Amino acid sequence: MKNKLAFLYPLFAIILWSGNVIVSRMSAHTIGPEAITFYRLLFAVLLMSTFVAVPAWRNRAIIWPHIGKFAILGFLAMCLFQSLSYLAAETTTATNMAIFTALAPLLTVALSAVVLKDTPTVGMVGGGILSLVGLVYLVSGGNPSSIVENGIHLGDPLMLTAAMVYALYGVLLKRWNLPVAGWQSTYMQAICALTIMFPAFLATPAPMRSLNAETLPLIAYAGGMASVVLPFLWIRGVQILGPSRCAAVINLLPVFTALAAITMLGEPVHSYHIIGGGLALIGVASAEIFRRPLRGAAPIVPDVAD
């Protein structure tokens, strides 16, 4: 019963994540990508400071030697990934953004094979091919030949790049295995990211970084719900269920996002979203399910919660 209820942690985290995608779309042409990234980080740091600053200060002797790695991690996940997402939102749909984001687990597995020398699996190769086919069908609007004739929206390759950035973040987090985890790790990454984003924020034209009745709710959601509550729910879910089980829930991100996009943004969902996105997500799931190494070694045993 405890484990069944524990699925509510990653489930609600994904619901909040879908809301963050909607916020990204709503922020397009309203506030600059660098500005909303800076503001959300500032708000998140202020919130986390109320309960993380003192423990982090007490742990400073362990934290400080790894400050460079925290800066790299914060730049990847909180600066580059978020800025690319906001920029992509100007030229692609919320549904497409969610589908590309949901590819992060598959891309993480692929990068792990390169960076961490993990053995490629049947699911990784087969799922990667299936996801690629699905993405081509998706971004072409169900007509792959149109890519050659008309090209694709800039937002789609930007979101693919963002997903790759987030995958690299996951791989480095695993490779470095820093002795600081949980809230203190998130807090230090956010502080470093906030510092890195400050020059970009200052370079943003004043009209695109103004605070008003339209931008404040977006910043509040992105900085509070998506940057503080969401990580808490996700971390708690991983602690109880294990990373593999939680990763499977990411496949629900496009579903929740599409429902929210239809209701709040009036975005239509076409058959190519369902077919192409479905193939892409099946490919992601295949990488988690079919984990037998290609080289004939014993199957990789999936994570099981205690």
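Above: the structure in question.
Because the structure is predicted, anything quoted here is derived from the model rather than measured. (Residues numbered from 1 in each chain as written. Predicted model: local features only at pLDDT ≥ 70, side-chain atom pairs only at ≥ 80, totals over all residues. Heavy atoms only, no water.)

> Is there a simple way to explain the pattern of salt bridges in this structure?
The final tally for this structure, using the stated rule, is one salt bridge. For the salt bridge of Glu267 with Arg25, the shortest nitrogen-to-oxygen distance reads 3.1 Å. Placement of Glu267 in the loop between α14 (253-265) and α15 (271-289) and of Arg25 in helix α2 (residues 8-27) is noted, with a sequence separation of 242 residues between them. (Salt bridge = Lys/Arg side-chain N within 4 Å of Asp/Glu carboxyl O. Helix = DSSP H or I, 4+ residues; strand = E, 2+ residues; numbered from the N terminus.)

> When you look at the packing of helix α7 (residues 104-115) against helix α8 (residues 122-139) in this model, what are you seeing that I'm missing?
Packed helices, taken two at a time, are described by the angle between their axes plus the distance between the axes. At their nearest, the axes of α7 and α8 sit 10 Å apart, and the two run at 130° to each other. When the interaxial angle is binned, α7 and α8 end up oblique. Like other packed secondary-structure pairs, α7 and α8 cross with a definite hand, here left-handed. Of the residues in α8, those in contact with Leu106, Val109, Ala110 and Ala113 of α7 are Met124, Gly127, Gly128 and Ser131. When grouped by side-chain class, the residues that make up the contact of α7 with α8 number five nonpolar, three polar and no charged. (Axes fitted to C-alpha atoms, helices over the stretch in contact; angles between N-to-C directions. Parallel < 35°, antiparallel > 145°, perpendicular 65-115°, else oblique. Left-handed = near helix turned anticlockwise from the far one by under 90°. Contact = heavy atoms within 4.5 Å. Nonpolar A, V, L, I, M, F, W, Y, C, P; charged D, E, K, R; others polar.)

> Looking at this structure, how should I read the packing of aromatic side chains?
For any two aromatic rings, the description comes down to two numbers: the centre-to-centre distance and the angle of the planes. With the rule as written, the count across this model stands at nine aromatic pairs. A centroid spacing of 5.8 Å and a plane angle of 40° characterise the contact between Phe38 and Phe198, whose relative ring orientation is tilted. Placement of Phe38 in helix α3 (residues 33-58) and of Phe198 in helix α11 (residues 182-203) is noted, with a sequence separation of 160 residues between them. Its relative accessible area of 8% is what places Phe38 among the buried residues. Assessed through its relative accessible area of 39%, Phe198 is described here as partly exposed. Their ring planes at 90° and their centres at 5.2 Å tell us that Phe51 and Trp183 sit as a pair that is edge-to-face. On the criterion of sequence distance, the pair formed by Phe51 in helix α3 and Trp183 in helix α11 is long-range, its members being 132 residues apart. Taking the relative accessible area as the measure of exposure, Phe51 reaches 40% and is therefore partly exposed. The exposure class of Trp183 is partly exposed, given its relative accessible area of 23%. Put simply, the rings of Trp17, Phe81, Tyr166 and Tyr169 pair up and form one aromatic cluster. Its guanidinium or amino end placed over the ring of Trp57, Arg60 lies 4.1 Å from that ring's centre, counting from NZ or CZ. For the cation-ring pair, Arg209 lies above Phe201, with the distance from its terminal atom to the ring centre recorded as 5.3 Å. (Phe/Tyr/Trp six-rings, centres within 6.5 Å; stacked < 30°, edge-to-face > 60°. Buried < 20%, exposed > 50% of the residue type's maximum accessible area, 1.4 Å probe, protein only. Lys NZ or Arg CZ within 6 Å of the ring centre and 35° of its normal.)

> I keep staring at unusual backbone geometry and nothing clicks. Help me out?
What is expected of a backbone is that most residues other than glycine have negative phi and most peptide bonds are trans. Positive phi, close to 65°, is recorded for His29, a residue that is not glycine. The topology assignment puts His29 in the loop between α2 and α3. The exposure class assigned to His29 is exposed, which follows from its relative accessible area of 59%. Unlike most non-glycine residues, Asn177 shows phi in positive territory, near 45°. Structurally, Asn177 can be placed in the loop between α10 (155-176) and α11. Residue class for Asn177 comes out exposed when judged on its relative accessible area of 61%.

> How should the state of the cysteines be read in this particular structure?
Throughout this description, disulfide means a covalent bond between two cysteine sulfur atoms. Considering all chains together, one arrives at zero disulfides under this definition. Left without a disulfide partner, Cys79 is nearest to the cysteine sulfur of Cys192, which lies 9.3 Å away. (Disulfide = S-S within 2.5 Å.)

> Please clarify how the packing of helix α6 (residues 94-101) against α14 should be interpreted in this entry.
The interhelical angle for the contact between α6 and α14, taken along N-to-C directions, is 165°, at an axis separation of 8 Å. One element, α6, and the other, α14, form an angle in the roughly antiparallel class. Crossing of α6 over α14 shows right-handed handedness. Judged by residue contacts, Ala94, Thr95, Ala98, Ile99 and Thr101 of α6 engage Leu253, Pro254, Thr257, Ala258, Ala261 and Leu265 from α14. Partitioning the contact of α6 with α14 into residue classes produces eight nonpolar, three polar and no charged.

Remember, this is a structural readout, not a statement about activity or role.
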